[in-house]
Amino acid sequence: MVNEYREMVEFFPENDAVQHVLREIDELPIDDLMERSCALRTEGHGSLVSFSPKVFIPLTRLCRDVCGYCTFAHPPRQGEPAFLTIDEVLAIARAGAAAGCTEALFTLGELPEQRYRVVREELDRLGYASTIDYLAEACRQVLAETGLLPHVNPGILSPDEMAKLRQVSVSQGIMLESTSMRLLQKGGPHYGSVGKVPETRVAMLAEAGRLAIPFTTGILIGIGETREDRIESLLVIKALHERFGHIQEVIVQNFQPKAGTRMANVPGASFDDLLWTAAAARLILGPAMSIQVPPNLSYERFPELLNAGINDWGGVSPVTPDHVNPEAAWPALDTLRDATAHAGLTLLPRLPLYPRYLRDMTRWTDPALSTPLLRASDAEGWARADRWSPGLPCAPAMPAPAALRNVDSGIERLLARAASSVRLSHGDIARLFSARDGDFQAVVETADTLRANTSGDIVRYVVNRNINYTNICAYRCTFCAFSKGKGADHLRGKPYDVDHEEIARRAAEAWERGATEVCMQGGIHPRYNGQTYLDLLAAAKSGAPGIHVHAFSPLEVSHGAATLGIPVERFLRMLRDAGLGSLPGTAAEILDDDARAILCPDKLSAAEWLHVIAAAHDAGLRTTSTIMFGHIDTPQQWATHLLSLRDLQEQTGGFTEFVPLPFVHMEAPLYFRGRARKGPTFRETVLMHAVARLALHPLITNIQVSWVKLGPEGIKACLAAGANDLGGTLMNESISRAAGTEHGQEFAPEAMDDIIRTCGRTPMQRTPLYNAAAPDRVAVSYGAPPLQPMIVGEINTRAAASAAALST
């Protein structure tokens with residue numbers, strides 16, 4: 001095994017360097033050492049302390065090594081199989097998935113077939129050439145059947161074995177433990193354990209770096225090593241990470257003596273020594289490194305570990321015990337959370353792949369793993385905290401903020417600036433989107449106070465009807481499921497093109513039911529031209545002359561102008577003069593061209609979208625503004641989007657409202673291809689409304705909730721987070737429904753009023769331009785008769801394909 005690796009001398013420091021670092025740290029009083037380590041943690045990780053919700057899967061407890069402190073490994077036992085079966089592995093993983101875990105930690109003895117014949121025989125019966133082959137299959141099955149993300153700790157591996165496991169695990173690990181050769185001498189803890197040779201372990205860590213495998217390593221203290229040995233080990237880890245950048249986290253683990261082992265009577269490291277070592281690790285490895293100390297091995301004193309500058313508790317399981325240290329139970333998550341909050345820090349779940357590596361998945365993971373990683377992560381790369389997604393009927397839930405967690409002073413300053421109408425910077429807004437726990441609550445409460453001061457307790461909505469006149473589209477937006485159904489023809493669904501008579505009928509019916517608006521949008525049909533849009537407008541006005549027509553996205557306007565060979569500005573004036581009342585600010589998606597290159601590469605650029613909107617405002621046409629978020633986007637891109645809207649509003653004043661549109665993933669092609677998250681988390685959704693209130697204040701005063709995507713509980717949460725508008729009753733909602741939402745097609749005025757009053761607010765019907773709806777319109781809207789069946793004008797698939805071909 002050692003011969004497979006290159007010489008590792010380059011990673012071992014000179015003794016003088018070790019002595020120098022040791023003297024510098026030893027000269028610090030312990031209080032100063034702890035203070036410096038905590039300052040470095042704050043520099044690198046802010047107030048966040050992470051943990052990985054995991055299940056522990058002990059695939060085999062047979063091992064070629066004979067470490068003097070270990071109770072995990074044991075010799076073969078009569079009648080006991082060498083390995084867990086795949087069914088047993090999946091049962092553990094399924095229990096973990098049901099309990100909200102995201103990590104499947106595979107820990108196993110090292111290369112047991114090299115020592116035990118029974119292992120070789122069992123592998124032969126199972127049909128695998130090696131323990132590593134069997135481990136790879138177990139990982140593959142767990143990924144496919146449960147979605148849990150494997151992290152593997154199988155001991156010493158060859159480069160080929162690491163590469164094989166890289167295809168089925170998101171991260172790997174091996175504890176360096178110590179660089180001291182004394183520990184391998186007779187009587188030492190590593191005597192007789194060939195896998196514990198330091199050069200071999202360092203060589204494997206280096207090869208993992210060359211293979212771009214995110215790795216966990218660490219040191220084990222109290223087994224006979226000296227502080228000098230610990231410093232040397234940490235400097236080796238630092239050198240490896242500086243060369244390859246692949247060390248995700250460094251564990252400082254304290255040995256605990258166990259009955260029945262050669263070291264049963266050896267005292268472990270003292271708690272003060274553990275604190276010193278953890279703090280020294282922070283000073284040596286720097287602010288960015290994740291440093292972990294297992295909380296269960298310090299029992300009731302574990303909260304004090306936070307004073308040593310650590311930022312991670314490691315894997316904590318609500319399902320399985322710590323099979324390596326079975327005498328030490330993991331603390332309950334509530335206990336862990338309260339202890340973290342007591343230190344003024346925020347606990348949050350992570351994946352076995354840390355966010356900085358997830359953000360660069362192309363480099364650090366196998367392509368086959370990108371889909372499960374995206375589906376398990378939030379926008380910052382942390383673990384999704386709940387099972388909620390936009391459009392699903394399950395009730396969202398936010399944990400109550402920990403009572404002892406103070407609000408970050410930097411967050412408080414940003415909130416004060418926003419409330420004072422100061423334009424926040426890009427970094428300020430991105431920071432607000434990262435708010436969690438008490439900081440999250442402070443953002444929400446400030447946004448709600450600002451809403452109350454700006455628009456009072458009135459919650460407005462408009463009685464309207466959506467008319468989507470065609471789902472045939474020449475564009476290939478990767479997120480769009482509008483023209484895609486759940487039938488056999490899933491990729492295109494049933495194409496339709498609604499005729500003008502039906503559009504007039506729907507507009508007339510909407511007017512009869514109390515509507516003040518029809519909202520008209522559709523796909524970019526390649527046979528449509530500018531005159532088509534004028535004709536659609538005329539059809540709606542013929543059915544209901546008094547109705548406000550809110551129609552045509554910036555993309556449709558651009559398409560219409562181009563087909564007529566005229567500037568956008570002229571076409572907008574033609575629409576205005578023909579009776580168009582306002583434009584929906586849709587097709588914005590994310591106003592960041594890197595995101596748009598993935599979401600809608602053939603659509604308008606961000607600058608082009610903003611140009612059309614500005615031209616509409618110049619023509620006297622008000623517009624809404626939107627964001628469609630929670631797919632491949634980031635908080636930094638959200639900040640870019642909000643500032644683009646704010647800056648345009650400062651120039652034109654033409655936006656009536658801001659509408660956050662959470663990505664509904666269930667039928668979206670981008671999600672089916674494994675390239676998108678499962679929509680925003682509930683926390684991110686609430687924050688979008690709250691941060692928008694703060695970032696757009698005082699220029700855009702109306703923040704709207706999309707009931708069709710969020711449902712009743714989402715409405716309530718967002719109305720308490722800065723929102724003051726519920727949008728339209730819709731009558732016919734088809735775009736979100738095509739994407740998979742299950743929150744219905746119409747929210748009648750009676751239901752609107754009820755949910756608004758449930759929130760302690762006052763309902764009011766409005767027009768699209770935020771005037772009060774006329775009393776006669778309001779009166780007609782209540783008790784409206786059922787809608788008549790729609791005539792959608794379905795056309796055959798061949799005709800639709802022919803139409804689409806015109807665009808190529």
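Before reading on, note that the structure itself is shown above.
In this text, all values refer to a predicted model and were calculated from it rather than measured experimentally.

Here's the deal with the overall build of the protein
Helix and strand counts for the protein stand at 30 helices and 18 strands. Whereas a compact globule of 808 residues would reach a radius of gyration of roughly 28 Å, the protein reaches 30 Å, a difference of no more than 12%. Taking all 808 residues of the protein together, 61% fall into the buried category. When the accessible surface of the protein is summed, it comes to about 30,200 Å², and 52% of that surface belongs to carbon and sulfur atoms.

Quick look at the packing of aromatic side chains
For the structure on display, the rule yields 15 aromatic pairs. For the ring pair Phe56 and Phe72, a centre distance of 6.4 Å and an interplane angle of 45° mean the geometry is tilted. Here the residue Phe56 occupies a position in strand β1 (residues 48-58), and Phe72 occupies one in the loop between β1 and α3 (86-98), the gap between them amounting to 16 residues. Both residues of the pair, Phe56 and Phe72, belong to the buried class. Through successive ring pairs, a cluster of aromatic residues spans Tyr469, Tyr528, Tyr533 and Phe552. Directly above the ring of Tyr770 sits Arg766, whose terminal nitrogen or CZ lies 4.0 Å from the centroid. One Lys or Arg, Arg777, reaches over the ring of Trp511 and ends 3.7 Å from the middle of that ring.

Details of the pattern of salt bridges
In this structure the tally under the stated criterion is 37 salt bridges. The partner of Arg506 in a salt bridge is Glu502, and the shortest N-O contact between them spans 2.9 Å. One end of the pair is Arg506 and the other is Glu502, both in helix α17 (residues 500-512) and 4 residues apart, which spans about a single turn. The same class applies to Arg506 as to Glu502, namely buried. Between Glu657 and Arg766 there is a salt bridge; the shortest N-O distance is 3.6 Å. With Glu657 in strand β16 (residues 655-662) and Arg766 in the loop between β18 (762-765) and α29 (775-781), this residue pair connects regions lying 109 residues apart in the sequence. Through salt bridges with shared partners, a single network forms among Asp26, Glu225, Arg227, Arg230 and Asp273.

Observations regarding unusual backbone geometry
Note that the residue after His697, namely Pro698, is joined by a cis bond; omega there is 0°. Within the fold, Pro698 resides in the loop between α25 (682-696) and α26 (707-719). Positive phi, normally seen in glycine, also occurs at Ser421, with a value near 75°. Judged by its relative accessible area of 30%, Ser421 falls in the partly exposed class. One non-glycine residue, Phe552, lies in the positive phi region at around 75°.

Details of the packing of helix α18 (residues 530-543) against helix α19 (residues 554-564)
Between α18 and α19, whose axes approach to 7 Å, the crossing angle comes to 125°. Regarding the angle of α18 to α19, the classification is oblique. Contacts between α18 and α19 involve Gly530, Gln531 and Tyr533 from the first element and Glu556, His559, Gly560, Thr563 and Leu564 from the second. Residue classes in the contact of α18 with α19 are distributed as 2 nonpolar, 5 polar and 1 charged.

Quick notes on the environment of Ala578
Along the polypeptide, Ala578 turns up in the loop between α20 (568-577) and β14 (580-583). On the accessibility criterion, Ala578 (39% relative accessible area) is partly exposed. Considering only alpha carbons, one finds Ala578 and Pro554, 24 residues apart in sequence, at a separation of 17 Å. Not counting chain neighbours up to four residues away, the residues in contact with Ala578 comprise Leu534 and Leu537.

Reading the values: rules and limits
- Residues numbered from 1 in each chain as written.
- Predicted model: local features only at pLDDT ≥ 70, side-chain atom pairs only at ≥ 80, totals over all residues.
- Heavy atoms only, no water.
- Helix = DSSP H or I, 4+ residues; strand = E, 2+ residues; numbered from the N terminus.
- Rg over C-alpha atoms; globule rule 2.2 N^0.38 Å.
- Buried < 20%, exposed > 50% of the residue type's maximum accessible area, 1.4 Å probe, protein only.
- Areas by Shrake-Rupley, 256 points an atom, 1.4 Å probe, with all protein chains shown as cover.
- Phe/Tyr/Trp six-rings, centres within 6.5 Å; stacked < 30°, edge-to-face > 60°.
- Lys NZ or Arg CZ within 6 Å of the ring centre and 35° of its normal.
- Salt bridge = Lys/Arg side-chain N within 4 Å of Asp/Glu carboxyl O.
- Axes fitted to C-alpha atoms, helices over the stretch in contact; angles between N-to-C directions.
- Parallel < 35°, antiparallel > 145°, perpendicular 65-115°, else oblique.
- Contact = heavy atoms within 4.5 Å.
- Nonpolar A, V, L, I, M, F, W, Y, C, P; charged D, E, K, R; others polar.

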